[in-house]
Every structure is written in C-alpha cells, then in structure tokens.
Amino acid sequence: AAVYDPADIRGSYAFGDIATYYGIPLADLAEAFGLTMDEAAAFQVKNLEKQTAGGVEIGTASVRMFVACYQGLPYEATEEVWLPAAAANILKERGHMTDAQAAYVAAHTAP
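Residues numbered from 1 in each chain as written. Predicted model: local features only at pLDDT ≥ 70, side-chain atom pairs only at ≥ 80, totals over all residues. Heavy atoms only, no water.

Quick notes on helix H4 (residues 60-71)
An ideal rise of 1.5 Å per residue puts 16 Å on 12 residues; H4 measures up with 17 Å between its terminal C-alpha atoms. With 11 of its 12 residues buried, H4 lies for the most part within the structure. Those residues of H4 that sit buried are Thr60, Ala61, Ser62, Val63, Arg64, Met65, Phe66, Val67, Ala68, Cys69 and Tyr70. Residues of H4 that are buried in the fold lie against helix H1 (15-22), helix H2 (26-32), strand S2 (56-57), helix H5 (85-94) and helix H6 (99-107). Of the residues flanking the end of H4, it is Gly72, one or two places downstream, whose phi is positive at about 65°. (Helix = DSSP H or I, 4+ residues; strand = E, 2+ residues; numbered from the N terminus. Expected span 1.5 Å × (residues − 1). Buried < 20%, exposed > 50% of the residue type's maximum accessible area, 1.4 Å probe, protein only. Contact = heavy atoms within 4.5 Å.)

Written out as structure tokens, the structure is:
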C-alpha cells in the first residue's frame, strides 16, 4: 500500500478522506478533534481553524502532526504545533510515536 506524507494534508481534506488515505479509524480522528461521528466524515480540516483550545490554535498542522504521530511517520513542523488533549491521549494509547514525537506531543498538548 502507498504511504502518504502527512505534510500533504490540506485544509480542504475531510476527515473521512484522511481516515481512508492514512489508515486511521474515523472514530479516533473524531474523538481526537472533538467531532461527532455524524459530522466527522465530511468535516473539512480547515474548519478546525475556528476552534482553539486553551488559547492555542488547533488547525491543519495539528491534524498533520496527529496523523504522523499516530502512524509513526516523519513530519517536520514549520511552526509550533499544538494538539488537543484528547488527541494526545489517543496517541499515547494507540499511536506509534517515535520517542521524539512522544516528547513533542507531551510538550505541545493544549492546556
């Protein structure tokens, strides 16, 4: 199977597409980013930009980071990237993070 680069994720992608292309259960994506299962499949990543958690922005880069950490794929963030607490918890439980990714997530979980 092809391995897709998390850096290729765009704001126009829906979570249903990401679940398909990156092999991540839609339920995990929905829970990570605070969506219901009903809305998650068609929810476009760019719509996260309207959400903040604890004063930090949760956006497209957050989804890229989550996907990379979930699958243990390399991803170099070009900016400081924050993850919702729910996303960090899923990564700890079910992700395949490298040690460096785990350290980054621990330091970049939204308050």
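And the narrative resumes.
Comments concerning the nonpolar core
Residues Phe15, Ile18, Phe33, Val63 and Phe66 are the most contacted members of the largest nonpolar core, which totals 35 residues. Counting residues per element, the ones that place at least two in this core are H1, H2, H4 and H5. Looking at this core element by element, the count peaks at 8 residues for H4. Setting aside its immediate chain neighbours within four residues, Ile18 contacts Ile9, Tyr13, Gly23, Leu29, Val45, Val63 and Val67. (Core = buried A, V, L, I, M, F, W, Y, C linked by side-chain atoms within 4.5 Å.)

Here's the deal with the environment of Glu76
Relative to the elements of secondary structure, Glu76 occurs in the loop between H4 and H5. Residue Glu76 is classed as exposed on the basis of its relative accessible area of 72%. In this structure the C-alpha to C-alpha distance between Glu76 and Arg64, which are 12 residues apart in sequence, comes to 9.7 Å.

What about the confidence of the model for the chain?
Residues at a pLDDT of 70 or more form 95% of the chain, whose mean pLDDT is 93. Element-level mean pLDDT values for the chain span from 62 in strand S1 (residues 52-53) up to 98 in H2. (pLDDT = per-residue confidence, 0-100.)

Brief notes about the packing of H4 against H5
Relative orientation of the contacting elements H4 and H5 amounts to 15°, with a least axis distance of 9 Å. Classified by the angle their axes make, H4 and H5 are roughly parallel. Helix-helix and strand crossings are classified by hand; for H4 and H5 the assignment is right-handed. Between H4, through Phe66, Cys69 and Tyr70, and H5, the contact on the second element is made entirely by Ala87, Ile90, Leu91 and Arg94. Its residues assigned to classes, the contact of H4 with H5 comprises 6 nonpolar, no polar and 1 charged. (Axes fitted to C-alpha atoms, helices over the stretch in contact; angles between N-to-C directions. Parallel < 35°, antiparallel > 145°, perpendicular 65-115°, else oblique. Left-handed = near helix turned anticlockwise from the far one by under 90°. Nonpolar A, V, L, I, M, F, W, Y, C, P; charged D, E, K, R; others polar.)

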